[in-house]
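In case you want the letters, here they are:
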Amino acid sequence: MWPPDPQPPNLGADVLRRSSGSYRRAPTVGAASSERVRSNHDRDKGGSGGRVTSFAMSSTPTSSASLHGWGRTAPTLAHVTVPRSQADVAAAVRAAGHRGVIARGLGRSYGDPAQNAGGLVLDMTGLARPPAIDADTGVAVVDGGVSLDTLMRAALPLGWWVPVLPGTRQVTIGGAIGADVHGKNHHTKGSFGNHVLSMDLVTADGGVRTLTPDGPEAELFWATVGGMGLTGVIVSATVQLHRTESAYFVVDTDRTRDLDELLTLLTDGSDDTYGYSAAWFDTTTTDAKLGRAVLTRGSLATRDQLPLKLRNDPLKFEAPQLLTFPDVFPNGLANPATLRAFSHLWYHKAPRRQRGAIQNITAFYQVLDLFGDWNRVYGSRGFLQYQFLLPFGEEPALRRIAERIAASRHSSGLNVLKRFGAGNQAPLSFPQPGWTVTVDFPVAAGLHRFCDELDELVLGAGGRLYLAKESRTTGATFKRGYPRFEEWRKVRDEADPDGVFVSDMARRLELTGR
Ligand SMILES: Cc1cc2nc3c(=O)[nH]c(=O)nc-3n(C[C@H](O)[C@H](O)[C@H](O)COP(=O)(O)OP(=O)(O)OC[C@H]3O[C@@H](n4cnc5c(N)ncnc54)[C@H](O)[C@@H]3O)c2cc1C
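Calculation notes
- Residues numbered from 1 in each chain as written.
- Predicted model: local features only at pLDDT ≥ 70, side-chain atom pairs only at ≥ 80, totals over all residues.
- Helix = DSSP H or I, 4+ residues; strand = E, 2+ residues; numbered from the N terminus.
- Buried ≥ 20, exposed ≤ 12 C-beta atoms within 10 Å, placed from the backbone.
- Contact = placed C-beta atoms within 7 Å.
- Near = placed C-beta within 6 Å.
- Nonpolar A, V, L, I, M, F, W, Y, C, P; charged D, E, K, R; others polar.
- Pairing = 2+ DSSP bridges.
- Core = buried A, V, L, I, M, F, W, Y, C linked by C-beta atoms within 7 Å.
- pLDDT = per-residue confidence, 0-100.

Looking at the overall build of the chain
So, step 1. Helix and strand counts for the chain come out as 16 helices and 23 strands.
So, step 2. Here the chain holds 514 residues, and the buried ones make up 52% of them.
So, step 3. Taking contacts inside the chain between residues at least 6 apart in sequence as the whole, the part at least 24 apart equals 73%.

Written out as structure tokens, the structure is:
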């Protein structure tokens, strides 16, 4: 059963052999053994509660588990199976019962898109052979359950870089395509789907389709990018990596007095000179300090830009996890007073203006990856990440939303503002030219009503919400932000007329027929 097949997946492997004689599998970084898969599931899945029963549903064993997203809200019970091969995935899809099936990666979505109450969930972390990377062309063939962390660590020694990395590397290839994730470099490199050359998708009939962005089934390719697992199961993808001379960034930092100064820095043309850019901003301050921020911007360093001591091994990456938080934190620890204190410290610990600091990606923008299970700090009630997009020109609405949050009883310490570049063809892809904001609210009385108010401000300004973070809105509100929803729905329904693929989110937001 494991490994399922010594060859890399079909199309990708052919591409590699054609393009270069130097095809090789990367070192066995993060290869999954069954033991590893089990511990991943229990420790890393961001939402696996206690296992209840074990039984056989298709050829692979199935157990019953309570699953939730990274926000730890709305857990539901599902049958979970861990396919180890494309054939296992196909068999599981064919055997899905009337409650349907959905793929799950590392459970880093905040809400309920990788849950399926009473139905089947495919834990894709079992389909995770080491990535196959062409050292000359940077074309990588990657199983759907491989994490971006594993891909990055495999690519770096060969001088290649994963073109889009979200705020954590603990997401799978399937999750990265399913949500069409973006990073700090959206304004220069777009979202993950832009870099996918092809993917193998197990569809509702149990067959496998090889999709490309401009091939005969391009519509299904783009419906799958950002389609939240509702078109099928991505068993592998071919991804174009980017060249890099080092594993480090050259980073500039600016602390701004308020939101206006931040927006000025982001629109005065300087932002285009950086590959990566995003700001942490303060949601607890008002008036002259409203939205004061720490803006960090940088680009991958060339070898010559590194200090001498790093030049011998410029592609070395080391960022061990410092600690894993135990599940002991009480509800209410993250409250307006503690979040205000945290925000004050975070703002003042940053340099007022710093140029040319050398940092690796963890220090630059994936600081939370240093801590395992950090979401436990919010207690058992969990938290809600609210991420929205406002088109350029809607800065007054952005200011109104910042004022509304600062005046409310709902505080947030982890807040990001970023400038997006052009979107792609995918009808449900979140990024569009404009401003995107994320705020993390601890779950507390009145929060949902407050977010309904924010929805009105966002939607009223022509904005939208992000499915990877969403956990509480309505189908009508979500669809108002996505004028191409029906186009997506038509392609999806043609690929899956009986509604085999379904999730808690799909039911809640009425994304599919079931
Ligand atoms: C700390 C943190 C920071 C983050 N920062 C960012 C950020 O900067 N930018 C950003 O865009 N996102 C960000 N995210 C969100 C995260 O990148 C996405 O939610 C991503 O989809 C999670 O991947 P996953 O493997 O955990 O997938 P899951 O959360 O398990 O699933 C996500 C969706 O993908 C689908 N899916 C998963 N695997 C497959 C597959 N093999 N085939 C088909 N569909 C599949 C699921 O059905 C589900 O709909 C962040 C999340 C966290 C926890």
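Structure shown, so let's carry the discussion forward.
A look at the site of the ligand
So, step 1. Taken together, 32 residues sit near the ligand, with Gly105, Gly174, Gly175, Gly178 and Gly229 positioned nearest.
So, step 2. Where the shell around the ligand is concerned, the elements lending two or more residues are β5 (101–104), α5 (173–178) and β12 (233–240).
So, step 3. Class assignment for the residues of the shell around the ligand results in 16 nonpolar, 14 polar and two charged.

A word on the sheet that holds strand β16 (residues 293–300)
Strands pair in a sheet through their backbones, by hydrogen bonds, and they do so in one of two ways: parallel or antiparallel.
So, step 1. Strands sit in the order β18-β14-β16-β15-β21-β22-β20-β23 across an open sheet of eight strands; the sheet is antiparallel. The sheet is open, and its two edges are formed by β18 (353–360) and β23 (464–465), each paired on a single side.
So, step 2. Direction of pairing for strand β15 (residues 276–281) relative to β16: antiparallel, over a ladder of six bridges. When the sheet's bridge partners are listed, alanine 278 is paired in β16 with threonine 296.

Concerning the nonpolar core
So, step 1. Counting residues in each nonpolar core, the largest one holds 130 residues, and the members touching the most others are Val93, Ala140 and Ala155.
So, step 2. Of the residues forming this core, the biggest block, six residues, is contributed by strand β20 (residues 383–391).
So, step 3. Not counting the four nearest positions on each side in its chain, valine 93 is found in contact with Val101, Val202, Ala204, Gly206, Val233 and Val500.

Topic: the confidence of the model for the chain
So, step 1. In the predicted model, the chain carries a mean pLDDT of 88, and the fraction of residues at 70 or more is 88%.
So, step 2. Throughout residues 1–57 the model reports pLDDT below 50, and contacts reaching past four residues in sequence, or to other chains, amount to 109 contacts.

Considering the environment of glycine 193
So, step 1. With respect to the helices and strands, the residue glycine 193 is situated in the loop between α6 (186–189) and β10 (196–202).
So, step 2. The class of glycine 193 is buried, set by 28 C-beta atoms lying within 10 Å.
So, step 3. Along the backbone, glycine 193 and aspartate 180 are 13 residues apart, and their C-alpha atoms lie at a distance of 5.6 Å.
So, step 4. When sequence neighbours within four positions are dropped, the list of residues in contact with glycine 193 reads Ile177, Asp180, Val225, Gly226, Asn424, Ala426 and Ser429.

Digging into the environment of leucine 390
So, step 1. Here leucine 390 shows up in strand β20.
So, step 2. A count of 23 C-beta atoms within 10 Å places leucine 390 in the buried class.
So, step 3. For the pair leucine 390 and glycine 462, spaced 72 residues apart in sequence, the C-alpha to C-alpha distance is 6.6 Å.
So, step 4. When residues no more than four places from it in sequence are discounted, the contact partners of leucine 390 are Ala397, Leu398, Gly434, Trp435, Val458, Ala461 and Gly463.

Observations regarding unusual backbone geometry
Most peptide bonds take the trans form, and the phi angle of most residues other than glycine is negative.
So, step 1. Look at aspartate 287: it is not a glycine, yet its phi comes out positive at around 50°.
So, step 2. Within the secondary structure, aspartate 287 sits in the loop between β15 and β16.

Digging into helix α3 (residues 86–95)
So, step 1. Taken together, the buried positions of α3 are occupied by Gln86, Asp88, Val89, Ala90, Ala92 and Val93.
So, step 2. Considering only its buried residues, α3 is in contact with β4 (76–81), β5, β6 (120–123), β10, β11 (208–211) and β12.

Focus: helix α4 (residues 148–155)
So, step 1. Among the eight residues of α4, eight are classified as buried, and the element is accordingly described as predominantly covered.
So, step 2. Within the sequence span of α4, burial applies to Leu148, Asp149, Thr150, Leu151, Met152, Arg153, Ala154 and Ala155.
So, step 3. Along its buried surface, α4 packs onto β7 (132–134), β8 (139–143), β9 (160–161) and α5.

As for the environment of leucine 211
So, step 1. Within the element layout of this structure, leucine 211 appears in strand β11.
So, step 2. Residue classification places leucine 211 among the buried positions, given that 26 C-beta atoms sit within 10 Å.
So, step 3. The sequence separation of leucine 211 and phenylalanine 221 amounts to ten residues, and the corresponding C-alpha distance is 5.5 Å.
So, step 4. When sequence neighbours within four positions are dropped, the list of residues in contact with leucine 211 reads Ser198, Met199, Leu201, Glu217, Leu220, Phe221 and Thr224.

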